[in-house]
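An overview of the molecular structure
Here is how the chains run, residue by residue.
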Amino acid sequence: QVQLVESGGGLVQPGGSLKLSCAASGVIFLVYTMSWYRQAPGKQRELVAGITSSGTTNYVDSVKGRFTISRDNAKNTVSLQMNSLKPEDTAVYYCHANIRSSIRLDSADYWGQGTQVTVSS
């Protein structure tokens, strides 16, 4: 079993910064892509940023230049540095990872429980 636990969410003023972190634990053989999704009330969950095991990143256009995703392969963690936050960034942010638990098993998708990010004055 694999678990993803997010941390770092909270309330911040527009223009402020937050850093989200996600740690994967359990039986882990290989971690492929890791990513951050977010879901605002009444809206569909969207991919915010992703990073491959080799470090290739991608971002949704609305956060480019403001957010930075990074990972530590040795610790099986992924982080999202969020700068210049806007009210429209308000959402529950979810960590996602595609993880292979054993050489004998296929990879599977795992989700964290989510952490609330609220950008408001």
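As a starting point, this report considers the structure included with it. Treat the numbers as computed from the prediction; the structure is a model and nothing was measured. (Residues numbered from 1 in each chain as written. Predicted model: local features only at pLDDT ≥ 70, side-chain atom pairs only at ≥ 80, totals over all residues. Heavy atoms only, no water.)

With that out of the way, let us pick up the pattern of salt bridges. When charged atoms on two side chains of opposite charge get close, those side chains can pair. Following the criterion strictly, the structure yields four salt bridges and no others. Between Arg 38 and Asp 89 there is a salt bridge; the shortest N-O distance is 3.0 Å. Residue Arg 38 is found in strand β4 (residues 30-39), and its partner Asp 89 is found in the loop between β8 (77-82) and β9 (91-100); the two are separated by 51 residues along the sequence. For the pair Arg 38 and Asp 89, a shared accessibility class is recorded, and that class is buried. Across the pair Asp 61 and Lys 64 runs a salt bridge, and its minimum N-O distance is 3.0 Å. Given a relative accessible area of 60%, Asp 61 falls into the exposed group. (Salt bridge = Lys/Arg side-chain N within 4 Å of Asp/Glu carboxyl O. Helix = DSSP H or I, 4+ residues; strand = E, 2+ residues; numbered from the N terminus. Buried < 20%, exposed > 50% of the residue type's maximum accessible area, 1.4 Å probe, protein only.)

Here we come to unusual backbone geometry. Peptide bonds are trans in most cases, and residues, glycine excluded, mostly fall at negative phi. The backbone phi angle of Asn 76 is positive, close to 55°, even though this residue is not glycine. Its place among the elements puts Asn 76 in the loop between β7 (67-72) and β8. Although it is not a glycine, Ser 84 sits at a positive phi angle of roughly 50°. By the element assignment, Ser 84 lies in the loop between β8 and β9.

Strand pairing in a sheet relies on backbone hydrogen bonds. The paired strands run either parallel or antiparallel. A sheet is described by the order of its strands in space; here four strands give the open sequence β1-β3-β8-β7, paired in antiparallel fashion. Only two strands of the sheet have a single neighbouring strand rather than two, namely β1 (2-7) and β7. When the angles between neighbouring strand axes are averaged without regard to direction, this sheet yields 15°. As defined by bridge partners, β7 adjoins β8 across six bridges and the pair is classed as antiparallel. Looking at β8, one finds that Ile 69 is bridged to Leu 80. (Pairing = 2+ DSSP bridges. Axes fitted to C-alpha atoms, helices over the stretch in contact; angles between N-to-C directions.)

Attention now moves to the environment of Phe 67. Positionally, Phe 67 belongs in strand β7. In this structure, the C-alpha to C-alpha distance between Phe 67 and Ala 24, residues 43 residues apart in sequence, is 21 Å. Residues in contact with Phe 67, not counting those within four places in the same chain, are Arg 38, Val 48, Tyr 59, Leu 80, Gln 81, Met 82, Asn 83, Leu 85, Asp 89 and Tyr 93. (Contact = heavy atoms within 4.5 Å.)

Our next topic: the side chain of Ser 35. Among the secondary structure elements, Ser 35 is positioned in strand β4. Excluding residues within four positions of it along the chain, Ser 35 makes contact with Leu 47, Ala 49, Gly 50, Ile 69, Tyr 94, Cys 95 and His 96.

Ranked by internal contacts, the top residues of the largest apolar core, which has 28 residues, are Trp 36, Leu 80, Met 82 and Tyr 93. Looking at this core, the elements that each hand over two or more residues are β1, β3 (18-26), β4, β5 (46-51), β7, β8, β9 and β11 (115-119). At five residues, β9 tops the list of elements feeding residues into this core. (Core = buried A, V, L, I, M, F, W, Y, C linked by side-chain atoms within 4.5 Å.)

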